[in-house]
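Coordinate analysis (summary)
If you want the building blocks of each chain, they are given just below.
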Amino acid sequence: MTTTVRLSLSKLSREPLGMLGFIVLALLIVIAIFAPWIAPYSPTAQNLPNALQAPSWTHWAGTDEFGRDILSRLIHGTRITIQTVLAVTLIVGPVGLIVGVVAGFVGGRTDAILMRATDIVLSFPSLILALAFAAAMGAGLQTAIIAISLTGWPPIARLARAEALVVRNTDYVAAARLYGASPLRVLFLYIAPMCIPSVVVRLTLNMAGIILTAAALGFLGLGAQPPAPEWGAMISNGRKFMLDYWWVAVMPGLAILITSLAFNLVGDALRDLLDPRHVRS
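Summary of the structure given here. Small disclaimer: the values here were computed from a predicted structure and weren't measured. (Residues numbered from 1 in each chain as written. Predicted model: local features only at pLDDT ≥ 70, side-chain atom pairs only at ≥ 80, totals over all residues. Heavy atoms only, no water.)

**Points about the overall build of the protein**
Heads up, the condition is: Secondary structure is summarised from DSSP: a helix means a run of H or I of at least four residues, a strand means a run of E of at least two, and numbering begins at the N terminus for each. Summary of the burial criterion: residues with accessible area below 20% of their type's maximum are buried, those above 50% are exposed, and those between are partly exposed, where the area comes from a 1.4 Å probe applied to protein chains only. We call two residues in contact when some of their heavy atoms are within 4.5 Å. Surface accessibility in these figures is a Shrake-Rupley result with a 1.4 Å probe; residues are shielded only by whichever protein chains are displayed.
In terms of regular secondary structure, the protein is built from twelve helices and zero strands. Helices (α) and strands (β) of the protein occur, in sequence order from the N terminus, as α-α-α-α-α-α-α-α-α-α-α-α. Across its three principal directions, the C-alpha atoms of the protein cover 75 × 45 × 30 Å. Evaluated residue by residue, the protein yields a buried proportion of 46% over its 281 residues. In the protein, the share of contacts with a sequence separation of at least 24, taken over all contacts with a separation of at least 6, comes to 71%. With an accessible surface of roughly 14600 Å², the protein has 69% of that area assigned to carbon and sulfur atoms.

**Observations concerning the packing of helix 4 (residues 70–106) against helix 5 (residues 108–122)**
Filter applied, for reference: For helices, the fitted line uses only the C-alpha atoms of the stretch in contact; every axis is such a line through C-alpha atoms, and the angle between N-to-C directions lies from 0 to 180 degrees. Handedness of each helix crossing follows the sense of rotation of the near helix against the far helix: counterclockwise by less than a right angle gives left-handed, clockwise gives right-handed. The classification used treats Ala, Val, Leu, Ile, Met, Phe, Trp, Tyr, Cys and Pro as nonpolar, Asp, Glu, Lys and Arg as charged, and all other residues, Gly among them, as polar.
For the pair helix 4 and helix 5, the least separation of the axes is 7 Å and the interaxial angle reads 145°. For the crossing formed where helix 4 meets helix 5, the hand is left-handed. Of helix 5, the residues touching helix 4 (which contributes Val-99, Val-102, Ala-103 and Val-106) are Gly-108, Thr-110, Asp-111, Leu-114, Met-115 and Thr-118. Taken together, the residues of the contact of helix 4 with helix 5 break down into six nonpolar, three polar and one charged.

**Some remarks on the side chain of Asp-111**
To keep it simple, the criterion reads: Polar contact criterion, stated in full: a pair of N or O atoms within 3.5 Å, where within protein one must be able to donate a hydrogen and the other to accept it, and residues adjacent in sequence count only if both atoms are side-chain atoms.
Examined against the element boundaries, Asp-111 turns out to sit in helix 5. Residue class for Asp-111 comes out buried when judged on its relative accessible area of 12%. Here Arg-161 takes part through its side chain, which lies 2.8 Å from a polar atom of the side chain of Asp-111. Discounting residues that sit within four places of it in the chain, Asp-111 has contacts with Ala-103 and Arg-161.

**What about the pattern of salt bridges?**
Which entries qualify depends on this criterion: Salt bridges are defined by distance alone: a side-chain nitrogen of Lys or Arg within 4 Å of a carboxyl oxygen of Asp or Glu.
Under the defined criterion, the tally for this structure stands at five salt bridges. For Arg-68, the salt bridge is made with Asp-64, and the minimal N-O distance between the two is 2.8 Å. Linking Arg-116 and Asp-119 is a salt bridge whose minimum nitrogen-to-oxygen distance equals 2.9 Å. Placement of the pair is Arg-116 and Asp-119 together in helix 5, with a separation of three residues, close to one helical turn.

**A word on the nonpolar core**
Generally speaking, nonpolar side chains in soluble globular proteins are found buried as a group. Heads up, the rule is: Only buried Ala, Val, Leu, Ile, Met, Phe, Trp, Tyr and Cys residues count toward a nonpolar core, and they belong to the same one when joined by side-chain atoms within 4.5 Å.
Among the nonpolar cores identified, the biggest contains 62 residues, and Ile-70, Leu-74, Val-101, Val-186, Ile-191, Leu-217 and Phe-263 are the most heavily contacted of them. Every element with two or more residues in this core is listed here: helix 2 (16–33), helix 4, helix 6 (126–137), helix 7 (141–167), helix 8 (171–178), helix 9 (183–219), helix 10 (231–238) and helix 11 (247–274). The element best represented in this core is helix 9, accounting for 13 residues. Discounting residues that sit within four places of it in the chain, Phe-263 has contacts with Leu-25, Ile-82, Val-85, Thr-204, Met-207, Ala-208 and Ile-211.

In structure tokens, the structure reads:
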């Protein structure tokens, strides 16, 4: 185990909130993977005589208007949420990183064109733009992923550009050029890797926003379609029962809250772990 890893683990052990975030996130991933075996009931099977039952030992989170077990739907909904977060991250991360490092390294007209395109996307509220894309492309989980991705890359690009502007003037990049490294080699082997830690931290902090945007699309009927147990759609279906049957909407709301909080805690911990100034301290 390297000294850096040992220092990182030692720092993480001194941050109980960060450790808690990692534990909750790991638990969510396990739940998403083993959802069919963990859920006590089918997430889609209807049982109308048991509709709108309060939380009990039989149904820990109660039942919805169709008699479906809410806990089972939340467990299966974890898979949809994690899938959405991972898919958006795998799209947004590389796109934002490439656009940012190319703009920062090449400069000139290329930088101006890429950053003006970035500014145009940033000039619109991300949720409104995602709603517009989702409405134009049609409802569905894949549509929601694409819509969120189309609005999520500009902040990553701005961050990567700022990092590239600093890294391109460092001594080791100048040495690589002096030894005859091509511009592409310098860009992808010397500059881009140095931007990855900051991008990873920003992506982790953005995951809570991705969850909320996906839930908003589901709430408006533009995300995963029924009978899929998407948390935003579950809140939408339960809002008309809020006064008398609070658990129908509150339980998925708590799931969104806990998951978003876990990603924020993990992002804060990663920011401390991956910051070279903290690692050396």
